[in-house]
Structure formats: structure tokens, C-alpha cells
Protein chains: 4
Amino acid sequence: MIVILKQNPNKNQVEHLKTWLESKNIKIHESVGDSHVILGLVGDTSQLDKDLISALDIVEDVKRVQEPYKKANRKFHDEDTVIKVGNTQIGGGTLTVIAGPCSIEGEEQMISVAKSVKEAGATILRGGAFKPRTSPYSFQGLGSEGIELLKLAKKETGLPIITEIMEISQLPLFDEVDIIQVGTRNMQNFNLLRELGRQNKPVMLKRGMSATYEEWLMSAEYVMASGNENIILCERGVRTFETYTRNTLDLAAIPVLKKLSHFPVIIDPSHATGKSSLVSPLAMAAVAGGADGVMIEVHNNPERAWCDGPQSLNPEAFGKMNKKLIALHEFMKTLDD
Amino acid sequence: MIVILKQNPNKNQVEHLKTWLESKNIKIHESVGDSHVILGLVGDTSQLDKDLISALDIVEDVKRVQEPYKKANRKFHDEDTVIKVGNTQIGGGTLTVIAGPCSIEGEEQMISVAKSVKEAGATILRGGAFKPRTSPYSFQGLGSEGIELLKLAKKETGLPIITEIMEISQLPLFDEVDIIQVGTRNMQNFNLLRELGRQNKPVMLKRGMSATYEEWLMSAEYVMASGNENIILCERGVRTFETYTRNTLDLAAIPVLKKLSHFPVIIDPSHATGKSSLVSPLAMAAVAGGADGVMIEVHNNPERAWCDGPQSLNPEAFGKMNKKLIALHEFMKTLDD
Amino acid sequence: MIVILKQNPNKNQVEHLKTWLESKNIKIHESVGDSHVILGLVGDTSQLDKDLISALDIVEDVKRVQEPYKKANRKFHDEDTVIKVGNTQIGGGTLTVIAGPCSIEGEEQMISVAKSVKEAGATILRGGAFKPRTSPYSFQGLGSEGIELLKLAKKETGLPIITEIMEISQLPLFDEVDIIQVGTRNMQNFNLLRELGRQNKPVMLKRGMSATYEEWLMSAEYVMASGNENIILCERGVRTFETYTRNTLDLAAIPVLKKLSHFPVIIDPSHATGKSSLVSPLAMAAVAGGADGVMIEVHNNPERAWCDGPQSLNPEAFGKMNKKLIALHEFMKTLDD
Amino acid sequence: MIVILKQNPNKNQVEHLKTWLESKNIKIHESVGDSHVILGLVGDTSQLDKDLISALDIVEDVKRVQEPYKKANRKFHDEDTVIKVGNTQIGGGTLTVIAGPCSIEGEEQMISVAKSVKEAGATILRGGAFKPRTSPYSFQGLGSEGIELLKLAKKETGLPIITEIMEISQLPLFDEVDIIQVGTRNMQNFNLLRELGRQNKPVMLKRGMSATYEEWLMSAEYVMASGNENIILCERGVRTFETYTRNTLDLAAIPVLKKLSHFPVIIDPSHATGKSSLVSPLAMAAVAGGADGVMIEVHNNPERAWCDGPQSLNPEAFGKMNKKLIALHEFMKTLDD
């Protein structure tokens, strides 16, 4: 950590700061410049609160040299996290394809989509039971009934299942769910994250709509800090000025997260763009860019979708795309690194 | 609602859509253009799901003519919402000044700040008990103990109190709290909003870091939809590319929200900018721009702040600023409208 | 074009508007809703100024049904634009790899990089002669001397060359340049665009740092409107809140631009991210996502780069990556569409 | 400047860097941390290229301690810049009100608006002759004829005039123009800035649509670096995700620019919001927030505006607002600082 002092700082206050830092076993290297004095802090600076030090009258700026996340950090946890669910795994060179309807609408729909995505090669089944909707008047999902239908689809197909949690109190309903999804609006619902860290199901953490990589990894750190290391990161687009697509998909997230952390990275082109015609090219881009997998919305009847229809593929389009994804993934393995 | 059909749409599907719309008592005005057919829908279109219709194969675009929020809408609720708490009110021409520490640290600090902000003319006392912190290793607030200290400060000063809730389960602790604050990260925590709509304490809803006005008002609609009409909106800056300030304070929100809705509008320049030297000019700007009040962080010892220190004023600076705010507010009343 | 009138509009003004529209051979379809009257305008609405109509007292909103660009529009120009330069082409199924130094520093550097990128399979040579630099005190490029060195490198390698223009008066220097690049800061330098439309060299138009797809295509329209149809679009990242990468590369631009327009699309991962370690995965993603090519910064000695060094690859890393890009491009052709 | 070295850097390269820095009369303070070595550079670091040093293999990050702008910097130029034009001045405690039509349409309109804004107390007359329009098919302004009309209006009213330049070659037409405006799209047209620095008319530099404060001040530095110190900064909103307003007006720019630099700051609420109903509250906010003035679009017949109509006030509304602005400005002077 580097502390840049203001010009002509109060000397007593500087001494006070140094004494306090030394009491925390921090060594201080002082550089006296023409205009500023700079303190280089050496030791376990992760215990120091950057905001606290920035607040001091004598301090102009504080800069971290090390990332504020530790357990999520590739530097301290070099091996890739690989997550096993059912007969498949996420990370470790496997291509994960999570597919299913945005919103679970009924038994026939759920089972029909589940069977068709399994046939097309999906490895994990998704379906929304609790839906975060902008309007209180929109359909909010089937709730626990939806989870029952998802579990039925799991039984029918053998695919592991993933669905979104919106509140701590819903946790008991997730007993047979294989992966718990945290949505973009809850990425910084810290109480929920902490609670999910106390149980041991894998957590797929979607990026907040305007979250930086660092904030995202700090949210993963919350889950890890309470004991759960099984985290998957899912990029789903960030909010920008562009309105043609719903969000702007940030595929740089793939190599960035791979470098900074050790988690599997899944890309969701369906929610990111909100347009089904963009899903396939961006899923291909994701796989070529090194993603561990994609999450794709599939609907058996887009014309009757209860929510988020424009971004759904039908099973046929999904099947066609998935063939290409699998072939591309195989091809990528043939390339030297 | 206007539905723009794709070029050369399937005629059966168009008939199917029309029949379905008519079954919902929607009248359809059809305009046949050179390139597109446009359907103008007349009737209670708030029951229609824009996403559902957009999803149809034959539809190019759907545009709402009316806002999707109703109870929050000035058009259907013309009179200004005025909220009474203790001996003061928010809205209705009163200047509300909410002041206090970002984070409650102990009895001495809380009582001391409370007394000094009261003396300086604050009308409502704030203090953070549950703190949403980016890092799991940062101080997370004193929790229920903090609320007790805030209640003590209320007793000492007679000021109504406001503090932030982070989770439904914390609600019982808020019994003697006068206003419940929903923070920027929870603006779309729909379960929490719905629950806060079921109780009757006023709710101050901070704008999400990247929320549009419409999304913000839809969140207010959630609270109103479950029965609670006592809502205050608080602008606290939005996330942009600028990094010098923590966020970009959007003062256009004041006249925009006044036009679109009927809620009191409070401005928080402390969190928006993260820099204490910017607080006073922006608080002045807010009052001149028509805000119902401001929320200001005040600290008795910025050098020992446990969080968010750089944006805090000390009591003396706060007092000086508040005098100006009050004078400006009085001056504004002398101007013709 | 759809015109939504305000509630209870002045009738005389409405008649006035209708008469004016009819005088322009626009037919009007009127839909009377519960709250609003909507006018559907039929005819050549591209001649109408949306802003002019929005300005009217009686108008609440105006929405275009058709895109405001015509010559750039896929709907009116269905075949893909393919641009021939030297012995290569851009678009039409060819993989274009533009490579070279960000900034031309001297003969030895330019020739050495040119030879090595040619050997590694680049199809077009780039090099910056006029450099748009944020600071007046930074190196601004070698100017006309740089262009001479680039021409020398063209002679040595046979590769077509591309370099950036910053001002109309520089145009005579571009006589032997094969493609003229318009940088992100000049995407809306309308005078320059118009002038580039009056000559016939291909123009590569980089996306403005915060330009929407529509604005970008309108800038292409400027060039086409003055007569030059040889336009290449280059996505180079947009400005967001994320600071880890220099910009956020928007790969959705590839399928979006392919759908809306007919131009070749080139991706520049070097400038977008500002980090050399991210270049290769994003270049791969671009090719799998359907881009016509990539633009890559290559430097023979990153340690002595005069500008933008952190994002440069050395020739060896470029060669390794380019092999993969070419293999991936070949592989993509084997997939059914 | 602080240079953070990578972990275990190549020692020869480190020595090479140090020798090179010392050859430039930079002193180096080395701090050896647990994980990183940090070099504190002391001396005239403004000559060093941050990008160059960042590019080195052994460097993890480089952080500037001092701002990269010098002449624009309050630290090196403490007194406020005050600009005299005609009988008025900008800065130094004067309230500047720049008013007039967005686009000059004809003699009658120009003279009529000029007279009415003068009567209402405007101090400077604006009018657009060269208009940067997104579409090549929109009205592009009357050009030199427009400047003639503006000069006529100056003769009639005695008000100094300001209008926008779009290209260096237009400069001779600006002989009798009092202030040259550089628009948002040209804020980083460095050739134009440099040229405007070589003449001595005041330059009003509008903020780029997505420019940081630092980039904006660097553009002012370009003008100053070629010799012209008469610069006015104009905040006109930045691009965000919000679509209800055209841009998001950033009033924090006022105190920030006053702190970092010495230039007068003008606020343009008309272009920022694109909505006439928001102009007055934001103009008031600007004056209370410490702005040196505002720029307001006024139109004698908003219904026939050729461009940007929705944001224009008519002379009556402008007059009413201007009275309030003047009264507020007088009131502000009565407050202690």
C-alpha cells in the first residue's frame, strides 16, 4: 500500500500515523519528493482500511499495490477451481452448456425443453422459479412450484439443475438444486452472499450490472470468506449508453478473470444482448476466447414466452448452435498454447 | 402501447395476436405504412407484458406510450406526497436536512454528533448500523447495538432517526426507527421492497448505482403496490467513467422526478462525490434546483472515521453550510414561480 | 415515423401539423387512444427532421420506425461490401490481419516490424504517423516523415498500408496510403468525413469512444453520402466504468453491424484493452464471432515503445497468435451456417 | 511518479531503468516490500511518458502523484482567469448569461432573439452557424452567412458574440467573433486546439461527451501550450445509461474544476438535458453551485426550430428565468464564504 501525503503535512499528524502503522507491524519506507512525501507500507496491508487512511487530513491519496481479495486471488490460489455436479464438471477443460427456459411456466414446457436441451448436448439444466422483475405487475415466477418442476425435469433427464435464489429465506427450497445462482441485482447482497458461503452447494455469481471486476471478485470473496469455495463467475453484460442491445457483453472478462482469479467463467449471451439473433455468434466468441461454458435461454415456444422471450432460442436453433460450440471447443484443444 | 410489426409478417400470426388482444378488451388501430404495419393499442395496456409481445416472431418493436408505473405516477396522483416524522415533515415546502455519521461507532461519537447536528439545524438524524461493505474484511457496522445507540441519540435530541436496512429479517429491529433507508445496492431487492410495502414506516429509496429514472420509480411502485405510500427518493450519484468523484451526482433527477412522480426528493452529495470539499457547493445546488432536502455525512473526528471518511464534514463545517442552506431555502421562497 | 401527441393538444396546431406533413406527401394514420392520439406517418419520412417535430408544443414523443441511415443500411444495400487493396481484400470471407507498430519511430523499427509481421502472415501493414495524444507534451508522431517510412515498408514488403488522418489538410500526404484510418476521436468530425467521402480511398472508421451503433453508422453514411462507398468499421472498445481494461471491447458489434449494415468489421483488441496479455484471447473470440479481421499492435521492442507500449505484442507472440487465428478462420469455414 | 515493479523482476532490466531515469535527473527512492519493489521518482517527472514506463516488462503499474497538466493547474497558476469581452467579463464574480438560438435561421429570427435576450439581461449572444449534425441529411447550419447575421445582431445589440468552429479552415471567418466555441465532438481535435492556441481570441471548450476532468483539462492545456490563456470551460452533460435526458449534467464539475484549475466554468443545461422544462431548475442549481454563468438556448418560435428545438426556451420564459438567476447570484454574494 502506498500513502501519498499532502504537501506540507502537519508533522505531528504524520508521526501519529506512523506510530499507529508500526503498532500494526507495518514497516514504512519513506520517499521525499519535490512536492510530496510518499510512504510505502510493507507487511500485511490487507488488514488496513484504505478508506480510513484516505480520510486523514494529511493524506492526499492511497493506492493499493496488492488486490484486496485474497481467497479469490490467483496469486494465493494458483490451481483452477473445478466444480463437480452430477456426472459433469465446470472448469478443468470441460465445455459447460447450461440451457433451459428463462422462466418455468408449467410441467409440459419444463419437461419438453429439458428433454430437448439434453438431446442437443446441454450439460446442465436451468429454469427460473423466482424471477426478479422490474415491475410488481409482471409475472414473478412460479416460486416453489417452479422448483418442484425443475426437480422433476432433473429426474427425467438426469441433468444437474441450476436456479436463482432471491432471498435467504428461500434457501431450504434449494435442497435438491445442484447450483445456486445469484442474479445481477444481488451481486452485492452481502447478507445473502455470506449465507451462501455457510452452505456447500456451488454458487454461480452473475456480474452486477455495473460492477467492476474487483467488486465482482470481492463478492466471490464474501462467499469464500464464510467457507464455500465452489464459485462460478458468470458474465452477463454491463450497462452502457448503448441501447440496441440490452447490455454490453464484456468478453474481456474471460482472460481477465482467468488471470486474476481461479474460478470457472461462464458467459450468458442471451441476457446480455436480449436478442436471439446475437446469441450464437457471441457464444462462439466466448468459447474461442477461453470461457468454460455458456448459459443459453431455450424455449419451446418463443411466441408464448412469459418473460424475456426475445432472447430465447428454440430447441432446433439451440441444437444447431450447440453442435458448433462443441466442435469449436474440440478444435481449440488442438491448438498449441 | 404501439406494436410495430416486421415487414411481411405471417398473416395468421397477426390475426392470432389481434384476437388475443381483443380478448383482453384492447382496441386496435392499424396503420399500414410503406414498410411496416403499426398497431396502436387502446385500453388498459398496463396489464400487457411488453416483453411477451416483443417476443413474438412477427413483432419488430413495442413502444410504451404510457409509463409502466401507476401509483408512483404524477399523472394519476397529482398531489405531492408529504411525509410527517416526529415534529418535522419531508416535502411540502420544508427543507429537510438529514445529518449524522456514515457509520455508528460508539455512544460517545453518536451522541456527540447528534447533539452538534441538532444544534446546527439538522431536522433528521442518520447513522449507519448495518453497513454494506465491498470487502468481507471491512467493518460491517455495529448492527443491533448501533440501532440502540441511534435510539439513544433520538431520545437525547428529539430528532427523528433514519438508518439502513439490508435484509428482511432485520425489520423487527427497526421498531423505533422513523424512516427506513434502502441503499443503492438494494434498490432492486424486490423481496425487501415488497416487505417494506407491507409495513407503514416511511421508506427512503436510494437510486441504484446504474438505475434509470424509470427503474427507480418502478421500485417505488413495488413498495406502493403492497400498500405503503410513504416513499422518499434519494439521488446519490450514478456510476460513470469519471473516477475523480466516486459517482456522478445527477441533479437533473430533481425536476425530472418532480415531473414524473409525486415523491419528496433528497440529495446525498456526500456519498455521490466521496469528497468533503464538494459537499457544500452541491448541497447548495440541490436546494436551488428544487430538492426537498439533503443528506449529509457529519463526523466528529474525520481522522478516525471507520468508513467513508473522506466525504464527511466536521460539525463546524456542517453548521456553516447548513446556515447557508437555510438562508438559500428562505430566499428561494421569495422568488415567483 | 410515429408521432405521439400530448394529452388534449391544441386542435389548430394539430391541423397545422397535418397540413404541413401532407404538403410533404406524407400520409397520416391517426389512432385515438384513451390518453393519447398517435399519428402514424407513411411515406419518405427520412426527409423529416425528428428533432423539428419533437419540438412542437403538441408533441409528446416521436419514434422512428426506420433507421435514419440509408446507404449504410443492409435493408437497402443487401450485398456485403468487399474492399480490394493491393493483393488482398477486406470482407467477403477473407481473414484480414492488420499489424504493425502503434507509432512509427524510425526506419529500422518500421522495416523490421513490417518484415516480421509479413512473415507471420499479416495482410495489411499499419503504423501511426500522426498520433492523437491526450497531452500536448507527449510524442505526437513523426508526421509526414512517418508516412515516408511506412511507404518504404510497403515497398519492402509489398503489403498495403493503413495510417490515421487527423485533419483535412493532411490528405495530400496520403497519396500512396492504401487505407485511411479515422480515429475514435474523429468519428464525428463531420467535415473530415465529408471530405473523405469526396476521394476514393477506402476509409476505416473507428468507433467513437461512446458512440452508439446508430451514430457510428450515421458517420459511415456521411462518407457514403459524399460518394465513397469503401468503408470498413473498426470496433475498438467503448468507455465504461471499468478501469482495469482501457475500454470495454464490444464484440456484439460484429453480429449487430453485420445485420444492420453491409460493411466489413475489424476488431482492435490492442487499443480496446490496453494490455498485451488480453490481445490473443480476444482476437480469437473476434474471429469466432464472425469478424472480417483484426488489427494488432506489434512492436519489435516493447521496452522502448514511444507510446501505447503495454498493449503491444512482440513479433514472436504475434506470429504464434496469427497461426491460431488462421487455423480458427479455416475451421470456421468448415461449419455449416 | 511511483513505479511499482513486478514480483522478482529481472535485475539487469531494473538497473537499466534506474540508469536511464538518473540520466534524466530523476532521483529514485526505492522501497522494498514483501511482494513488490516500489520506486518513488523525484524531479521533473512531467517529461516522463507514463505509457513508456508502463510498457516495460519489469513494471506492474505506474501512478502519477502530480497532475499531468501544468498551465491549466491551479497549483501552478493560483489566480482565477478572468476574460474580458466587449463590456462584460467572464469569471471574477460576474454572472455570465450566454443566450441565443441553437441554430441561426435567418435575419429576422436572429435579430429578434438577440434583442429579446439582451432586454432580458443576457450578457453574451450565441448562435450556431456551423452545426455538427449526426445525420448528413439534417440542416448543417447557414455557415458563413450565419456568422454575418450574428455579426449584424452584435451591431444591433452591442452584445459580444460566441459561435462554434468545426474546422481550422473556418478560422478566418471568426475575425469579429468575440469567443470561439469548441464543441463536445471536437474536445480532442488536437490539431484544432493547437491552432486555437496560436490566436488570441477566448476559447470556450465544451466537455467531450465522455471526457474525464483530466482529459478536459489536458485539452485546455493544448490551447495554453500554444500560447492562448483565455479559456472558458463549459459543462454540457456526459453520456450515461440514462435515456430520459439527452445527457447527464455533471454539476460536480463546478467545484472540481475550480479546485483543479483556474478557468471560468459555464453550465449548459439546454444541451445537457434536451428538455426545456429542466433548463430553469438546473440553471439555478448551477449558479448556487458556484458556476460563473450559464449558456441557454432561446428561440422566438420553438415550433419552427430547425434543430434542437425541444430544449429551447422562448424569450418570455428566458426572461422570467434570468430574473431569478440574477437575484440568486446577488443573494449568493451576501453569504459568507
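Residues numbered from 1 in each chain as written. Chains lettered and ligands numbered in written order. Predicted model: local features only at pLDDT ≥ 70, side-chain atom pairs only at ≥ 80, totals over all residues. Heavy atoms only, no water.

Let's shift gears to the overall build of chain A. Helices and strands together make up the secondary structure of chain A, namely 10 helices and 14 strands. For chain A, the spread of C-alpha atoms along the three principal axes comes to 75 × 50 × 40 Å. Here chain A, with 337 residues, has 65% of them falling under the buried criterion. Within chain A, contacts between residues separated by at least 24 positions form 68% of all contacts whose residues are at least 6 apart in sequence. Accessible area of chain A: about 11,900 Å², with a carbon and sulfur share of 45%. In chain A, 38 side chains carry a positive charge and 43 a negative one; their mean positions are 1 Å apart. (Helix = DSSP H or I, 4+ residues; strand = E, 2+ residues; numbered from the N terminus. Buried < 20%, exposed > 50% of the residue type's maximum accessible area, 1.4 Å probe, protein only. Contact = heavy atoms within 4.5 Å. Areas by Shrake-Rupley, 256 points an atom, 1.4 Å probe, with all protein chains shown as cover. Lys, Arg positive; Asp, Glu negative; His and termini not counted. Charge placed at Lys NZ, Arg CZ, Asp CG, Glu CD.)

All names here are of chain C. Taken in spatial order, the eight strands of this closed barrel run β7-β8-β9-β10-β11-β12-β13-β14, and their pairing is parallel. Across the sheet, the axes of successive neighbouring strands diverge by a mean angle of 30°, strand direction being ignored. Pairing geometry for strand β8 (residues 124-126) and strand β9 (residues 161-165), over two bridges, is parallel. In the sheet register, Leu125 faces β9, and the bridge partner there is Ile161. Lying over the sheet, helix α4 (residues 144-157) contacts β8 and β9, oriented at roughly 165° with respect to β9. (Pairing = 2+ DSSP bridges. Axes fitted to C-alpha atoms, helices over the stretch in contact; angles between N-to-C directions.)

A few words on the sheet that holds strand β1 (residues 2-5) of chain C. Note on sheets: strands pair through backbone hydrogen bonds, and any given pair is parallel or antiparallel. All names here are of chain C. Pairing is antiparallel in the open sheet, where four strands are placed in the order β2-β3-β1-β4. Edge positions in the sheet fall to β2 (27-32) and β4 (59-63), since each has one partner strand and no second. The sheet shows a mean angle of 20° between the axes of neighbouring strands, direction not considered. Pairing of β1 with β4, which is carried by four bridges, proceeds in the antiparallel orientation.

Applying the stated criterion across every chain, the model contains zero disulfides over all chains. Note on Cys234 of chain A: no disulfide assigned, nearest cysteine sulfur contributed by Cys102 of chain A at a separation of 13 Å. (Disulfide = S-S within 2.5 Å.)

This brings us to the relation of the copies chain C and chain D. When chain C is brought onto chain D, the operation consists of a screw motion whose angular component is 180° and whose axial shift is 0.0 Å, with 0.0 Å RMSD remaining. Viewed as a symmetry operation, the transformation between the two copies matches a two-fold axis. Relative to the rotation axis, the C-alpha of Ser210 of chain C is the closest in chain C, positioned 3.2 Å from it. Same-surface contact between copies: 100% of interface residues of chain C are shared with the interface of chain D. (Least-squares fit on C-alpha atoms with pLDDT ≥ 70 in both.)

Right, let's talk about the domain arrangement of chain A for a bit. You can read the domains of chain A as domain 1 (2-63) and domain 2 (83-336). Placing the centre of domain 1 of chain A and that of domain 2 of chain A at their C-alpha centroids yields a distance of 44 Å. (Domains from an automatic or database assignment.)

With that settled, consider the pairing of β9 of chain C. Counting buried positions along β9 of chain C yields five of five residues, so the element is predominantly enclosed. Read from β8 of chain C through α4 of chain C to β9 of chain C, the crossover connection turns out right-handed. (Right-handed = clockwise from strand over helix to strand, strands pointing away.)

The next subject is helix α9 (residues 276-288) of chain A. Given 3.6 residues per helical turn, the α-helix brings residues three or four places apart onto the same face. Looking only at α9 of chain A, the buried set comprises Leu278, Val279, Leu282, Ala283, Met284, Ala285, Ala286, Val287 and Ala288 of chain A. Two residues or fewer past α9 of chain A, Gly290 of chain A is found with a positive phi of approximately 105°.

With that settled, consider the interface of chain C and chain D. The partner chain D presents 47 residues to the 46 residues of chain C that form the contact. The junction of chain C with chain D conceals about 3,900 Å² of combined surface from both sides, 48% of it contributed by carbon and sulfur atoms. Taken together, the connections running from chain C to chain D amount to two salt bridges. Notably, a salt bridge pairs Glu215 of chain C with Arg239 of chain D, separated by 2.6 Å at the nearest N-O pair. (Buried area = accessible area lost by both parts, 1.4 Å probe. Salt bridge = Lys/Arg side-chain N within 4 Å of Asp/Glu carboxyl O.)

Overall, the coordinates contain 10 aromatic pairs over all chains when judged by the stated rule. Plain terms: the ring middles of Tyr244 of chain A and Tyr213 of chain C are 6.0 Å apart, the flat faces sit at 80° to each other, and that makes the pair edge-to-face. Within this pair, whereas Tyr244 of chain A is found in the loop between β12 (231-235) and α7 (253-260), its partner Tyr213 of chain C is found in helix α6 (residues 213-225), the two belonging to separate chains. On the basis of relative accessibility, which here comes to 24%, the residue Tyr244 of chain A falls in the partly exposed class. Accessibility expressed as a relative area gives 1% for Tyr213 of chain C, which makes it buried. In this structure, Lys275 of chain C is placed above the aromatic ring of Tyr244 of chain C, and the distance from its NZ or CZ to the ring centre is 4.6 Å. (Phe/Tyr/Trp six-rings, centres within 6.5 Å; stacked < 30°, edge-to-face > 60°. Lys NZ or Arg CZ within 6 Å of the ring centre and 35° of its normal.)

Moving on, we get to the packing of helix α3 (residues 107-119) of chain D against helix α4 (residues 144-157) of chain D. Residues and elements named next belong to chain D. It is at 9 Å that the axes of α3 and α4 come closest, and there the two elements cross at 40°. Seen along the crossing, α3 lies across α4 with a hand that is right-handed. On α4, the residues that touch Glu107, Met110, Ile111, Ala114, Lys115 and Lys118 of α3 are Leu149, Leu150, Leu152, Ala153, Glu156 and Thr157. Residue composition of the contact of α3 with α4, by class: seven nonpolar, one polar and four charged. (Left-handed = near helix turned anticlockwise from the far one by under 90°. Nonpolar A, V, L, I, M, F, W, Y, C, P; charged D, E, K, R; others polar.)

With that settled, consider the interface of chain B and chain A. Tallying the contact residues gives 46 residues for chain B and 47 residues for chain A. Between chain B and chain A lies a buried interface of about 3,900 Å² when both sides are counted; carbon and sulfur atoms form 49% of it. Inspection of the chain B/chain A interface yields two salt bridges. Across the chain B-chain A interface, the total number found is 19 residue pairs in polar contact (both at pLDDT 80 or more). Looking at the side of chain B that touches chain A, the elements with two or more residues in it are α2 (50-54), α5 (190-197) and α6 (213-225) of chain B. With five residues, α6 of chain B is the largest single contributor of residues to the side of chain B that touches chain A. (Polar contact = N/O pair within 3.5 Å; in protein donor to acceptor, adjacent residues only side chain to side chain.)

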